[in-house]
Amino acid sequence: MKFRNLATSLALSATLLSAQAFAELTIGFSQIGAESAWRSAETESIKSEAEKRGYTLKFSDAQQKQENQIKAIRSFIAQGVDGIILAPVVETGWDRVLKEAKAADIPVVLVDRGIKVKDNDLYLSKIASDFVFEGKLAGAWLAQETNGYANIVELQGGPGAAPAIDRKAGFGQMVEQFPGMEITASQTGEWTRTKGKEVMEAFLKAQGEEIDAVYAHNDDMALGAIQAIKEFGLMPGKDILVVSIDGVKAAFQAMVDGELNATVDCNPLLGPLAFDALEMAFNGKDVDKWIVQKDKINVQQDAAEMIDSRMF
Ligand code: GZL
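Residues numbered from 1 in each chain as written. Predicted model: local features only at pLDDT ≥ 70, side-chain atom pairs only at ≥ 80, totals over all residues. Heavy atoms only, no water.

Draft legend 1. Representation of the overall build of the protein in the model. Across its full length, the protein holds twelve helices and twelve strands. On the principal axes, the C-alpha backbone points of the protein span a range of 65 × 40 × 30 Å. Burial status across the protein gives 55% buried among its 312 residues. Within the protein, counting contacts between residues at least 6 apart in sequence, those at least 24 apart form 74% of the total. For the protein, the accessible surface area stands at approximately 13,500 Å², while carbon and sulfur atoms represent 51% of it. (Helix = DSSP H or I, 4+ residues; strand = E, 2+ residues; numbered from the N terminus. Buried < 20%, exposed > 50% of the residue type's maximum accessible area, 1.4 Å probe, protein only. Contact = heavy atoms within 4.5 Å. Areas by Shrake-Rupley, 256 points an atom, 1.4 Å probe, with all protein chains shown as cover.)

Draft legend 2. Structural view of the site of the ligand. Near the ligand lie 13 residues; those nearest to it are Glu-35, Asp-112, Arg-113, Arg-167 and Asp-246. Take Arg-167: an N or O atom from its side chain is 2.7 Å from an oxygen atom of the ligand. Here the ligand has 320 Å² of accessible area as a free molecule, and 100% of this is covered by the chains. Residue composition of the shell around the ligand, by class: five nonpolar, two polar and six charged. If you count residues domain by domain, the shell around the ligand takes at least three from each of domain 1 (6-129 + 267-293) and domain 2 (131-266 + 298-309). (Near = heavy atom within 4 Å. Polar contact = N/O pair within 3.5 Å; in protein donor to acceptor, adjacent residues only side chain to side chain. Nonpolar A, V, L, I, M, F, W, Y, C, P; charged D, E, K, R; others polar. Domains from an automatic or database assignment.)

Draft legend 3. Geometry of the nonpolar core. In this structure, Ile-152 and Met-200 are the most contacted members of the largest nonpolar core, which totals 56 residues. Per-element accounting of this core gives the leading share, seven residues, to helix α9 (residues 219-232). Three or more residues apiece are contributed to this core by two domains, here domain 1 (6-129 + 267-293) and domain 2 (131-266 + 298-309). (Core = buried A, V, L, I, M, F, W, Y, C linked by side-chain atoms within 4.5 Å.)

Draft legend 4. The arrangement of the sheet that holds strand β2 (residues 56-61) in detail. The strand order across the open sheet formed by six strands is β2-β1-β3-β4-β5-β11, and the pairing between neighbours is parallel. Two strands lie at the open edges of the sheet, namely β2 and β11 (290-293), each paired on one side alone. With direction set aside, neighbouring strand axes in the sheet form an average angle of 15°. Across six bridges, the pairing between strand β1 (residues 26-31) and β2 is parallel. If you follow Thr-26 over to β2, its bridge partner there is Thr-56. Sheet strands in contact with helix α4 (residues 66-79) are β1, β2 and β3 (83-86), and its direction is about 175° off that of β1. (Pairing = 2+ DSSP bridges. Axes fitted to C-alpha atoms, helices over the stretch in contact; angles between N-to-C directions.)

Draft legend 5. Inspection of the pattern of salt bridges at higher detail. In total, this model carries 20 salt bridges according to the counting rule given. Connected through salt bridges with shared partners, the residues Glu-35, Arg-39, Glu-42, Asp-112 and Arg-113 form a single ionic network. (Salt bridge = Lys/Arg side-chain N within 4 Å of Asp/Glu carboxyl O.)

Draft legend 6. Looking closely at the packing of aromatic side chains. Using the criterion set out here, one finds three aromatic pairs in the structure. Ring centres of Tyr-55 and Phe-275 lie 5.1 Å apart, and the angle between their planes is 20°; on these two criteria the pair is classed as stacked. Here Tyr-55 is found in the loop between α3 (37-53) and β2, whereas its partner Phe-275 is found in helix α11 (residues 271-282), with 220 residues between them in sequence. This pair shows no difference in class: Tyr-55 is buried, exactly as Phe-275 is. A cation over an aromatic ring shows up here: Lys-289 above the ring of Tyr-123, its NZ or CZ 4.6 Å from the ring centre. (Phe/Tyr/Trp six-rings, centres within 6.5 Å; stacked < 30°, edge-to-face > 60°. Lys NZ or Arg CZ within 6 Å of the ring centre and 35° of its normal.)

Draft legend 7. The arrangement of the side chain of Ser-60 in detail. Within the secondary structure, Ser-60 is located in strand β2. Those residues in contact with Ser-60, other than ones at most four positions away along the chain, are Phe-29, Ser-30, Gln-31, Ala-72 and Phe-76.

Draft legend 8. How the structure looks around the UniProt feature "domain: Periplasmic binding protein" (unreviewed entry) in the protein. Feature annotation in UniProt assigns "domain: Periplasmic binding protein" (unreviewed entry) to the following positions: residues 27-285. Across residues 27-285, helical content stands at 46% and strand content at 20%; the span's end C-alpha atoms are separated by 18 Å. (UniProt positions renumbered as here; feature names shortened; annotations may be inferred.)

Draft legend 9. Local environment of the packing of helix α8 (residues 193-207) against α9. Running from N to C, α8 and α9 point in directions that differ by 45°, and their axes come no closer than 7 Å. Looking at the two axes, α8 sits oblique to α9. Two packed elements cross with a definite hand, and for α8 against α9 that hand is right-handed. Contacts from Arg-193, Gly-196, Lys-197, Met-200, Glu-201, Leu-204 and Lys-205 of α8 reach α9 at Asp-220, Met-221, Leu-223, Gly-224, Ala-225, Gln-227, Ala-228, Ile-229, Glu-231 and Phe-232. (Parallel < 35°, antiparallel > 145°, perpendicular 65-115°, else oblique. Left-handed = near helix turned anticlockwise from the far one by under 90°.)

Right, here's the structure in full:
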């Protein structure tokens, strides 16, 4: 059923509408891949919520490639899905395929990352954290922890990804307030433990004990860096402070072990919000353009009492 017709019919006969009507709907979900524990938790949240609400979910794993996401969206359009959920791997290059979805009256909800398009009407809503704020929280914590004096190496997320761009910007805006803090090296670790370890090994080879802290755009890269620091013969969390973002359970364990100092929350459990947004659109209701997730920082001293209640 086409989106506009569906909205009209639902608006006219909302009283007759039963939950059953939604259960007949099909949603396409274009996921980036499975590069991190955070990403896997998000995938599970969306799959389990679709099952709980009785939707048919068509899932596509893009293996980190935008062209695969664009192919998946075109396939969803050809199959006549009722809605699309997109986790966009990078910020740009979406205008054309989203115009095709709009022409087919298929609403698109962005989860966990934003995009830059000429017309923001090309997507219904973005359900994501404020990554600039997350970077600022990490920078503020490190400034306080080091009294504003630190040589910092940075493990960036994937090139062109909104969280990588904004987490770098937010952290940099905070750190530049302190003349004694300097980012001495910054390179992508591609969101993964393996690449994060590899890049940290190179940083250690070049700068060794000059490094006071590492800032990683996600926990998986931080955990790889921790391994590299240990193999280099230094103590992560003590000789080199480690601060990251995501708040996954493995990061809390690293804080319990004294090897990670702090991690900023970033909620991956976006399934309920994504389907709520689509259902509001199906009912002809307005949806906020950005449904922002509130984040906070988690520190080592609280990790032991918090770890068992972590949801991802
Ligand atoms: C953030 C999300 C990022 C996570 C990483 O919303 O896009 O991608 O921080 C993941 O762990 O790879």
